[in-house]
Amino acid sequence: GNRIGDEGGAALVSALARPNSSLTSLDLGKQGQPVGDAVAAALASSLPRCACPLQTLDLRYCGMTDKGALPLAAALPRCRALRFLDVRYNAIGATGATALAVALGRADSALRVWVTSNAYNDQDAADLAALLSVDPTTAPLAERG
């Protein structure tokens, strides 16, 4: 896998802002070295002003906690091109997952967010499902649109 750390993550973030970029998908999932909260937060800050038509962002197995999920959630309603966000297999707790669910409800686009296999418990999952009006046992994909 890749070995992207904070420096490489910062380079990716600046690439998102370059005009005439045609990047539609960014997959940082399942790396040898997780990008973690710092890169997730930096990505979140750049997403709303992204010059490229980024539609898919894969952040599986990135070592992200609520600390990275919260800024990502704050950015989602302003990411009009983004259609698919995968944050499975991280350490996102109930706070981060709830923030993502609320952001999903505020997003203008037909955005799908995978949030399963994180650090929240069964009750948290049921609360999320109620917030999203889905069955947590049959719909691991939260979808709006």
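Details of the structure are given in the entry above.
Values in this document were obtained by computation on a predicted structure and should not be read as measured data.

This next bit is on the packing of aromatic side chains. Evaluation of the coordinates by the stated rule reveals 1 aromatic pair. The interplanar angle of 5° and the centroid separation of 4.6 Å between the aromatic rings of Tyr61 and Tyr89 together place this pair among those described as stacked. Taken together, the positions of Tyr61 in the loop between strand 2 (56-58) and helix 3 (66-75) and Tyr89 in the loop between strand 3 (84-86) and helix 4 (94-106) put the pair 28 residues apart, joining distant regions of the chain. Over the ring of Trp114 we find Arg88, and its NZ or CZ is 4.4 Å from the ring centre.

The residue Pro19 is located in the loop between helix 1 (6-16) and strand 1 (25-27) in this model. Its relative accessible area of 63% is what places Pro19 among the exposed residues. As for Pro19 and Cys52, which are separated by 33 residues in sequence, their C-alpha atoms are 7.1 Å apart.

This paragraph deals with the environment of Ala91. Relative to the helices and strands, Ala91 resides in the loop between strand 3 and helix 4. Sequence separation of Ala91 and Lys67 is 24 residues, and the distance between their C-alpha atoms is 9.9 Å. Residue contacts for Ala91: discarding those within four places in its chain leaves Met64, Thr65, Asp66, Asn118 and Ala119.

In this fold, Asn90 is placed in the loop between strand 3 and helix 4. A residue is classified by how much of its surface remains accessible, and Asn90, at 11% relative accessible area, is buried. Within the structure, the side chain of Asn90 is placed 3.0 Å from the backbone nitrogen of Gly63, a separation counted as a polar contact. A polar contact is formed between the side chain of Asn90 and the backbone oxygen of Val87, at a distance of 2.9 Å. Dropping the residues within four chain positions of it, Asn90 is found in contact with Leu59, Arg60, Tyr61, Cys62, Gly63, Met64, Ser117, Asn118 and Ala119.

Rules and cut-offs
Residues numbered from 1 in each chain as written. Predicted model: local features only at pLDDT ≥ 70, side-chain atom pairs only at ≥ 80, totals over all residues. Heavy atoms only, no water. Phe/Tyr/Trp six-rings, centres within 6.5 Å; stacked < 30°, edge-to-face > 60°. Helix = DSSP H or I, 4+ residues; strand = E, 2+ residues; numbered from the N terminus. Lys NZ or Arg CZ within 6 Å of the ring centre and 35° of its normal. Buried < 20%, exposed > 50% of the residue type's maximum accessible area, 1.4 Å probe, protein only. Contact = heavy atoms within 4.5 Å. Polar contact = N/O pair within 3.5 Å; in protein donor to acceptor, adjacent residues only side chain to side chain.

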